[in-house]
Every structure is written in structure tokens, then in C-alpha cells.
Amino acid sequence: MTTSYPILEQDVPQSYRDKILKWNGWGYNDSMFTIDKAGHVTFTGDKYDISGKTMPHFRPWFESYLGIDLNHTTPAQKLSEVPIDAPVENDDIIEYLTEKKIAFSNAPRMRLIRSHGHTVHELMNLREGKVPRLPDLVVWPKSEAEITTIIEGAMSNSCVIIPIGGGTSVSNALDCPDTEKRFVISLDMALMDKILWIDRQNLTCRAQAGIVGQSLERQLNDKGFTCGHEPDSIEFSTLGGWVSTRASGMKKNKYGNIEDLVVHINFVSPKGLIQRQCQVPRISSGPDIQQIIMGSEGTLGVVSEVTLKVFPLPEVKKYGSFVFPDFECGVNFFREVARQRIQPASLRLMDNEQFVMGQALKVANNSYWDTFKSSLSKMYITKWKGFKVDEICAATCVYEGSRAEVEEQEQRLNQVAETFRGVVGGEENGKYGYRLTFAIAYLRDLGMNHGVLGESFETSVPWDKVHTLCRNVKELMRRESKNQGVQTPVLASCRVTQVYDAGACVYFYYGFNSRGLEDGLKVYDRVETAARDEIIACGGSISHHHGVGKLRKPWMLTTNGAVGIALLKAIKSELDPANVFANANLVDIIGSPHCKL
Amino acid sequence: MPCRNGRLVRYPEFEDFLAGVRKNGPLHWICQRRNFPVGSRVGSSPSARSLADIKRSVLESSRVKNVVAEEAIRRDWKEKLVFKEAEAILEEMAHAYSIYNVRALGFVVCAAMEKMFDSIMVNEQMLLKIRAMSPNDAVIFMPSHKTYMDFIILSLICFHYEIQLPAIAAGMDFMNMKFIGELLRRSGAFFMRRSFGHDKLYWAVFTEYVQSHIVFNDRPVEFFVEGTRSRVGKSLHPKYGLLQIVLEPYLRGSTFDITIVPVSMTYDKILEEKLYAYELLGFPKPKESTSGLFKAREILNKKNGSCFLTFGEPISVRKYFGVSLHRSAFVCQPDSQFVLDDQAKREIKRFAHQVVEIQNKNAVITVWSLASMVMLQELDLNDLTTFRYRWLHEKVHDLLKLLHLLGTTVNVQENLDHDLRNYLTIHEDLFERSSDEDFVLRLVDQPVEQDSAGISKIIMGRAVSRLILTTYSNGMIHAVDSEGILCILVRSMESASIDQLRKDWLHFLLKREFVSTPGELNKLFDETLGILLEARILDIFEERPVILAENYSRKLELMILPYIFNFKMIFDAAKSLPATFKSLNEVVPKVQEHICNVYSTGSQPVRLSFLSTEPIKNALLALLDLQAIRRTEAGFEIDSGKLTQEQSRIGNYVNSRKNANSKL
């Protein structure tokens, strides 16, 4: 880091974020895909099943599917070379925080690491050393009272607060608006990571909002419980982040989404604390104010504490998988499962592109028997059942419950699958599918090392439009890439990740080789924007659980209508008249510098 | 000036399809190995569906299933019975396309074409482009429609260029033609009833059948936006229903994109020319029968000249509607309840009109069309006049110059003299001609079997040849219609400002005669003014358009005035109609009678082609638009106040022409 300004610090905590996470990529420092000496793709570290394993089929897939030459690299800039500007000056707030004994730091690395989420833009900027506007100071409150103190300080010293939980946002929600002239404080919730109590009687648990998902889950597991909320980012994302983005977990079929799990919230706003007087399962007291907090994306205040439902750990957790001749059969199967309401804890459908990619990511097997088995099953599927290799798709699922429950669920699901020409693919394949989920996020970093830009984005859509939406959006990504000058084949893939009574959640994956393009990021932008327009035109939504941030603001008006937007603005101006929480997510506030009006 | 209308038919843009056939004979041609690209739904690998697959997908669609269930309740029938009816409808409608049938029939058809036509000219590069696109997005051919030959020739061309033969939406009347019906069915035509507005079951099956072809991209779909063959040589007012059906899969996202290809088809000689003339005069339409067509056997041995096909630049529906029609507006409705809102319907209508405009723009304008125009104008001076060849040549030459000035390309194949002589041979049955070098032509009267509607045989017989000439002269009318109208306006409304003229833009009144895009009349006005200014025919003097080139302006006016006279006469006739009547068709003969009377007394200038039912219907519909005629529960009623108003308005345009030399 090249920088020259006086470092001001007080009580700086040692946090995992600064120690074991990458500063310019996904996840843990020690975990990444690399190319080994033999030229094979391997995964490093020791934190995952695939750590230390080699994936001999992956390189050929990568090179042929995306038209990549792995010998061509686009390495990231070193942290030591990244130029960091001095923060905005505001001695008053420093003095205030010092006096109030709040932990803070303006060290360049601290600021840099809390300045971004994980969109392809943010990461490319870090890799290329293009540093955007950074927060000027990081603070670490230790309690709800300290949050209040910080907000008061910010209000009286003309500061902006941008709260940060796990920093896994993919909507530019954490970016400081370029135009912000005030002193920006990044409010890091890392120290508020305790479980306050577990109530065995009512099966609830109270925790501070900064607790990281995996830590919460591990502590609950130790006591024989689970919270059941398992987003793909569970290793890094926090409880407060889940609440403020309306997060969704993999096993929502059994446990529900965050809005189903939350019983009670404490929320610190510039006008004071919002909290309900009781902790009850349901209430009829006018429009639900908790629903306004959920999804507010840091524009109204800070989630400080949350009461969640917890559940006894299930007796059995079992994986399963199915293979379908084509995506349409898979979708029809999902629709039927939803109709009969027999969805297991999790059910996901991968399209052909992902199925093929998944196969390519299989680790090298030493067991002769295993290879024999999988080639035999391949023969069964393609030769005996007549599935076409370029149309096949797969579903994976997780069953949770008592042994009897799981058995019954499995049986019913297998039956339904059969009526849609599905073939039961076994437990191992299912397990593998879910393991892949965690690994896939690391894959993008490998891609970026070789000029590949990529991202995933999601939507929700009614059942009758699932298939057409998936097809059209994928086709659009392919055609629009070509129009934008991409010469090589692109990865345009999707999966159905959630099943609802009235529809589904669909995830899209898009990646392309940016080598030779003048401005790869611009191409990426155009394609993603066109893809979102297409999603909306095909009946999909602005977002299922990633939220709006700044990235998806252009579609807020169509989504909510002018009156709806006015209402959101009114709430904002009531709770935060000085626009302290000026991260500019969701809607533009008239009078704020980033407003286009 | 850039080419605005017409095409010059030249190699390498145009190729003669028949030249290829003639090289090795039709048998060799039809037996060639063909490689038709197989289309597919976006995102699936290509696979050809069988006829049974297509039928199954229609009957098992949720649309048909829903309607069957609804109808069962409404009719109080068993669902099974309603379903049987749906099956029967489908059976009657569906094509039986197979490549073997096509090859078997193709030989006969191709051999016949080879005999009939000197050449069939096609702009080949565009076809290659269309072929390359066809596997990805469904292609919809939208040809102009002047004759039976249209779909036969288009299919032959597709076969030749290895594009999947289109599924053609044909009228039910073709199905009843014994041999031809089956021929069409086997080469991929499907049959639609002429009207099925309220029959929900029929509507559902038909819609699903058409859309199934588009969604699965089995083969291109072909339909005629004009709805029926134009008997008058110029475009008919488009119909919207089928276009809506065709576009719906895109609007509801069932298909990624649809490619629309407007096709302009021009003929040196239209096989049905005489039939049309009789029909337009009100003789009952002969049943479409095979024997009828084969009486046309003699046609086979006659010289019919050439046929020209111009395939337009393919239009991506996604691109076209990308800005005007937001699909997101429809997504709040479930797929099974899809309804188009008014805005969408308006946009689709606009599109229909634009396709017609493109068809016109790309159509080949022949020398014969100009010659017919010139002769008709001469007949205005004396309805029994004769034409000297040298005179004709000179007049056509003048008109060519004028058209050139307006940016219109007339297809002169070799040179004017050669072409003109050739056309006079092709159309020799219309004339008696003397044998000297500068020969004289006289239009012959055509035989008429009986008097009709109180109009004498002689007049009818005379009218036939004039109607035929009108049909051909209409082949160029789109190149001069708005220009002529504007010149008339400028002359009749002396020293009016541009805005005043724009407000009085006659085009609205004539929109059924000269098809234009609704909502874009002002744009058309401005464009037309621009063209006439650039051609130095009009000029602007103190912000008022004035006539600069008297000679050209008058020529343009004279080409359009007959249409206005025609309308005026019909408006006059409407005056003497009963105050209420049941249907428009019922009053048409009365209008004809009125026109015939005026012709006989010679009190006003009349062309015998005014007897044509087509402009009469158009004028009555215009009165309906203007609310001078109103729809009532029992039929129609005339608002005589409004009618008088319109009568005097249209009168203004023609009366100011009193000083002109011409009778018209």
C-alpha cells in the first residue's frame, strides 16, 4: 500500500476479517484453485473436502468451454502497490470517539478491506489497484449502546455511517458513493458476535447481529440445535446482514427464509431504538415494522440484536440426486413437487451447462472401482435411457428429519421423479453437488487470474414462467455477449435453487473470456443489465435474496411503482432526516449528492 | 437521391431461379439432395417433430385444455365430446407436410412454372441470410398477395435455397379445391376459416397450432397480412388477427425472438387478371375449383413474362418492439390468461402497416405499370381513344423521368423500347393492334354473359379492360400517392401555410385506398413535402408551399385525382341511398348503378373503373370512419348532415381543377 498520512487508532481488535480472509478475492487466504506443476487444477488449503485434491478434467473443460488459454495470466496487483488516499479530515469525530472509548482505526488496509463487497466490479478494481472512494474510518462497537453513541457522534459531526457485516454483498451495497464529501465511517459489527441466550422452552435464541453464520450454527449445534438458515455465504455472512438484506437459506423449505425465522429485532436508527415490546410468534398491530427493517440494506440504521427460531438438530441428514433428460423435465418435476408440497429441506436443479461443469470438477479418483462405477452409470443413462449428453440435467436434494420421515420423503420424491423421466442418481452425487456450492465461489478468482469475468445473479419467478425465463435469459447472455464483441463461447447457465408454492428462485451464472476486449467490465455490465431487463420482461423479479444495493436500483421504480418509492423515501426521511446512513442503496434520496434528480 | 421505391432487377443482386432449373430440367432439380437446416426451440438441440408430435402438442396445450373444459360447461356436454370436436377442427386444419410429397408434387409444379414464366427473379443474398438465421429464430414470411401463384412460387424458392418449406396459412376455400387443396396441404399449407370470431374452441386450436410451429421453430410460417388476394394491384388494408397470434409467443416469452421477412411479389401478368375484373364488377365470384384453375391450362401455354420476388431485410421482432412494447407489462397475467392491452394492439397494428409499406417499397415497378397509367389517363379525355406506339413510348418515357426525380426506380430490363414491346406482346389479348411500324392499339371489349344490376353488357364489357389496366397501373401508385395528394392540396388551397395543409392532409380520407401507417400521417406529410421540395416540384415561398414545376405537379395530381373523383362520386351516390340498410355489401350495386348513370349521361367525368367494388367498399368504410355512416344494431344508418359536410369537403379538391385541360 502506498500511502502517507498519520494513522489514528484506538483499541483496534484482532478480527478474522483482517487475518484469515483474502483482501481481493473470495474466502480464506489459504483456499484457492491453482494450477499445479503437472498443469492440473487443484484446490489448496485444508478447509474443504476438495482441499489438496486434483481435478484432472477441469482444465480441458475450462479451456474449451470458455475459450481460455491457461498459460495466459492476468495476475492481480500486490496489496503493497495499491495506492490509498488520505481520509477526509474530521478531527471532531476522532476526538469524540476517543473520548467515548470506541475502538477505531483509519489504517489503509482496514479501510480498504471494508470498502467493498464481491461484485465482479469491486474485485476487478482491487485486482487492478483501482481504488474507489474508501470509508475514512472504521469503528467497532461492542454493544448496542455504543452503536447509539456512534450514530449520535456521526449526526453531530456531519458524518456518514455505512454498516458492514460479513462483507459478502454482491450488489455494490457497501461502496461509498463517489460523490460523498462527508466523513464516512464504516461501522464493523465484528465485535458484536455473541449468542445472548437460548430459550429451550420457546425454541428461540437471541444473538448480537455481528455473529457470523457458521459460528452461530456451530454454537447452536453444540447445544443440540440448528437455526436452519444456511445461505451459500454462511461461512462469512452475519446475522445482521441476513436481516438487512432479506436473506434466504438453502434449507428454507424446512426452516423458512430469514423473515420466517426472525421473531424479534432491535434496530438502532438515528431517531432511536426500534423494538417490539413482546417476543411473540405473530402479531396483528398494523403493518409489520420488522418487515421494513428487513431489506432496508443499511439505509435506515443498524440491526443490533435478533431473536431467531431454533430447531432441534435433525436425527438424519441425507443427500440425494436425480438425473433428468432435459431441463424442462426437471422444471416440471419441481413444479409437481411444489404442488404436492413434498419438497425436502433443499432441492436444486442444475442445467446442462452446470451439470457438465460439475462433472469436470470431479476430483481424481484413485479407486479403480469408483471409475468403473461412474462410467457404468454414465452408460446406463446415455445408452439405456437415451439421455443426450448435451441436454441432461441434474437435481440435488437434502433430506432432514427423523429416519422415518426422511425415508418416506425420499420414497415419494423418487416416485414423482420417475413420472418426469428422472433417474435416481444416488447420495454421493447429491453430496458432491452441495460441496461444489462452496467451492464455486472460489472458482471466479481462478477465472480472473486468466482474464475471465463472471458473476452470478438471481431472481424469483412464477412457475408458469420458469422455463421460458431460464431459456430466454441464457440465450440473451449468449447473443448479447457476441454483440458486445466477445469472440469465445460464454458460460451462460442457470439453476433453480428454491421451490415455493407459487414459483421458484432461479440463479444465473455468467462468465466470459475478456481477453482482447477493450473494456471487459463494460461488456459485463451491458450483458448483466440486458439480462436483468430480460428477467423482468419474462416475469421475474429484481431480486430473490441478493437485494438491491446500488446495482439494481434502476429496476426499483418498475418493481414498486412511483407511489411505493415515495413511501420508501418518506420512511427514510422520517428515520434519518440528515441522511447519516448515506450508502445510497435502494432509492435515491432527493437532495443527496448522488441523486440524479 | 436514394432509392425510395422499386428495384432494379440485375445480377448479382437478383438471380433467375428458372435459369437454374432449365439447365438440367425440373426432374433433376426436384431430385437434388437438399439440406434443410433443422430449427429448434432456443436452448434445445435441433430435432424434427413429426406431424403427430405437432398435433399432440396442440391438443395437450393448456390453452386448448382450458377451453375444452370451459366449453364443456357452457354447452353442457361431456368434455370428451368437446375434445373430439377439437380433434376434428385440428384434423381439418392441419397440414400433411412431408418432403416426399413435396418432391413428388414439386416436379409437376416446377415444370408448369418453367413453361409459364420467362424468368423468376429472386434477390438471392437475402435468402442466404435468412437461411442462416432460420435455425435459431422462427422465420415468418409475410408476402404481398396478388395471385395463387404467390405461395406456390415462394415454396419453390424455399426448396431451391434449402430453407424449410413454410407452413402456409391458406383460406378454407382452397381446401375445397379437389386436387389443389390436397397439393397445398401436403406441401405444408394449413387451412383457416375466414371468420371464427366467436368460436372459442376453434380460436384456441388455431392459435395453438400456429404458435406451436413458431415456438418449436419446426418450419417457417407464411401468411398474408392483407388477408386475401388483392384484386386491384395495390396493397389492401392489412388485417391484424393472425399477426397478433404470430407475435404473441414473443410477447409472452415463449420464444426468444421471431424473424419477420416481408416479401414483395410482382408479376408481369397476373393469371387471374380477368377473373378479378369480373369479380370487381360484381359478377359472383366463381367457386375456387380445380377445373376453374385448369381452365387456366391455356394460360400455361401463354406468355406470362416474369415474376419478381424481393425478400426484405429480416426484421427481428425483439429489436423492433424492444422500445415500443414492454413485455414486462404482460407478466402480471398468468400465461394461461394472456390478453393484449390496447397499447400492444396498437403497436401490432402499426407493425402490420409497416410491413405493407416495406412490401411496397421493395416491390419491382414495371414499365407495364407506367404504360397502363399513361393509357388510362388518355382514356380520361376520350374513353374510346386509341394509342399510337410512338406516343405511348414518349409518354412512358416522360413518366419515367418524373419517377426518377421522386427517387423511384423503375425496372427497365433492356431498354424502354424493347421492354414496352415485350409487355405489349404479353398483354396482347387486351388490344387490337394494327400491323404498321408505329402501330395503333385499341382496347377491346371483353365478353360479358349477362347484364348485372341494371348495367348494360356493353358498359360492363368495356369496363373489364379498363379495370385490368387499372390493376396494373396500381403497381406504381404507392410511389406517387402521397406526392400527388400533396400537389392537389397545394393547388386547391392556394396560399395555405404548411400547418394548414398538414391539418387538411387528405391522406386520412384515403387511408384505405393508399395504405399508410396509422399515427404517422404527419410524418408522411413532412417526408412527402421534403421529397417534392428536393425534386424542385414544390418550393416554399414566405413559409407557404407553392408549385414550382407546374408540369410535374400536374402530372402527379392527374394520377391521384381519379381516386378522389371516385370517392366523391361514391359520396354522392351515398346521398341517394336509403337512410338505413343492413349491410355495406347490399348497397354496393346501388352505388355502381349511380356511377353507371353518371357515365351514360356524361354529366361528370367518370372512369369505368369506378364501377369496381373495391374503392366503393373503401369509400363506404371511410364514411364509416368519418361517422357519416354509423353502425346500428340492425345494420347501418346514414347521417346525412355529416355526409353533406364530407361531400362538400371532397368537392373542394376536385372543383378547383375545373380549369385543368383534362376532363378529370
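We now turn to the structure provided with this report. Computed from a prediction, not measured in an experiment: that's the story for all the values here. (Residues numbered from 1 in each chain as written. Chains lettered and ligands numbered in written order. Predicted model: local features only at pLDDT ≥ 70, side-chain atom pairs only at ≥ 80, totals over all residues. Heavy atoms only, no water.)

### Examining the pattern of salt bridges
Within the structure shown, the criterion is met by 78 salt bridges over all chains. Glu483(B) is the partner of Arg4(B) in a salt bridge, and the nearest nitrogen-oxygen pair spans 3.0 Å. Remark: Glu483(B) occurs in helix H21 (residues 481–492) and Arg4(B) occurs in the segment before strand S1 (14–16); sequence separation between them is 479 residues. Each of Asp351(A), Glu353(A), Lys474(A), Glu475(A), Arg478(A), Arg479(A) and Asp137(B) takes part in a single network of salt bridges with overlapping partners. (Salt bridge = Lys/Arg side-chain N within 4 Å of Asp/Glu carboxyl O. Helix = DSSP H or I, 4+ residues; strand = E, 2+ residues; numbered from the N terminus.)

### Here we look at the sheet that holds strand S11 (residues 387–388) of chain B
Residues and elements named next belong to chain B. If you walk across this open sheet you meet the three strands as S11-S14-S13, and the pairing is antiparallel. Pairing within the sheet leaves two strands with one partner each, and these edge strands are S11 and strand S13 (431–433). Here S13 runs beside strand S14 (residues 440–443); their pairing, made up of three bridges, is antiparallel. Within S14, the position partnered with Phe431 by the bridge is Leu443. (Pairing = 2+ DSSP bridges.)

### Topic: the side chain of Asn566(B)
Its location among the elements puts Asn566(B) in helix H24 (residues 550–575). Sequence-distant contacts of Asn566(B), defined by excluding residues within four places in its chain, comprise Phe610(B) and Pro615(B). (Contact = heavy atoms within 4.5 Å.)

### Things to note about helix H12 (residues 327–340) of chain A
Residue and element names in this part refer to chain A. Between the first and last C-alpha of H12 there are 20 Å, a value that for 14 residues agrees with the 20 Å anticipated at 1.5 Å per step. Of the positions making up H12, those classed as buried are Phe327, Cys329, Gly330, Val331, Phe333, Phe334, Glu336, Val337 and Ala338. Those residues of H12 that are buried are in contact with strand S16 (316–324), strand S17 (346–350), strand S18 (393–401), helix H15 (403–419), helix H17 (463–483) and strand S21 (491–499). Where H12 begins, the side chain of Asp326 points an oxygen toward the backbone nitrogen of Glu328, at a separation of 3.3 Å. In the stretch just after H12, Arg341 is the one whose phi turns positive, near 55°. (Expected span 1.5 Å × (residues − 1). Buried < 20%, exposed > 50% of the residue type's maximum accessible area, 1.4 Å probe, protein only. Polar contact = N/O pair within 3.5 Å; in protein donor to acceptor, adjacent residues only side chain to side chain.)

### Some thoughts on the interface of chain A and chain B
With 18 residues of chain A at the contact, the number on the chain B side is 19 residues. Together, the buried faces of chain A and chain B total about 1,500 Å²; carbon and sulfur atoms form 44% of this surface. A salt bridge links Arg479(A) to Asp137(B); the shortest N-O distance between them is 2.8 Å. In this assembly, chain A and chain B are joined by seven residue pairs in polar contact (both at pLDDT 80 or more). Breaking the side of chain A that touches chain B down by element, the ones donating at least two residues are H17 and helix H18 (520–537) of chain A. The dominant element in the side of chain A that touches chain B, judged by the number of residues it contributes, is H17(A), at nine residues. The residue inventory of the side of chain A that touches chain B, partitioned by class, reads four nonpolar, four polar and 10 charged. (Buried area = accessible area lost by both parts, 1.4 Å probe. Nonpolar A, V, L, I, M, F, W, Y, C, P; charged D, E, K, R; others polar.)

In short, the description is geometric, and any link to function would need to be established separately.
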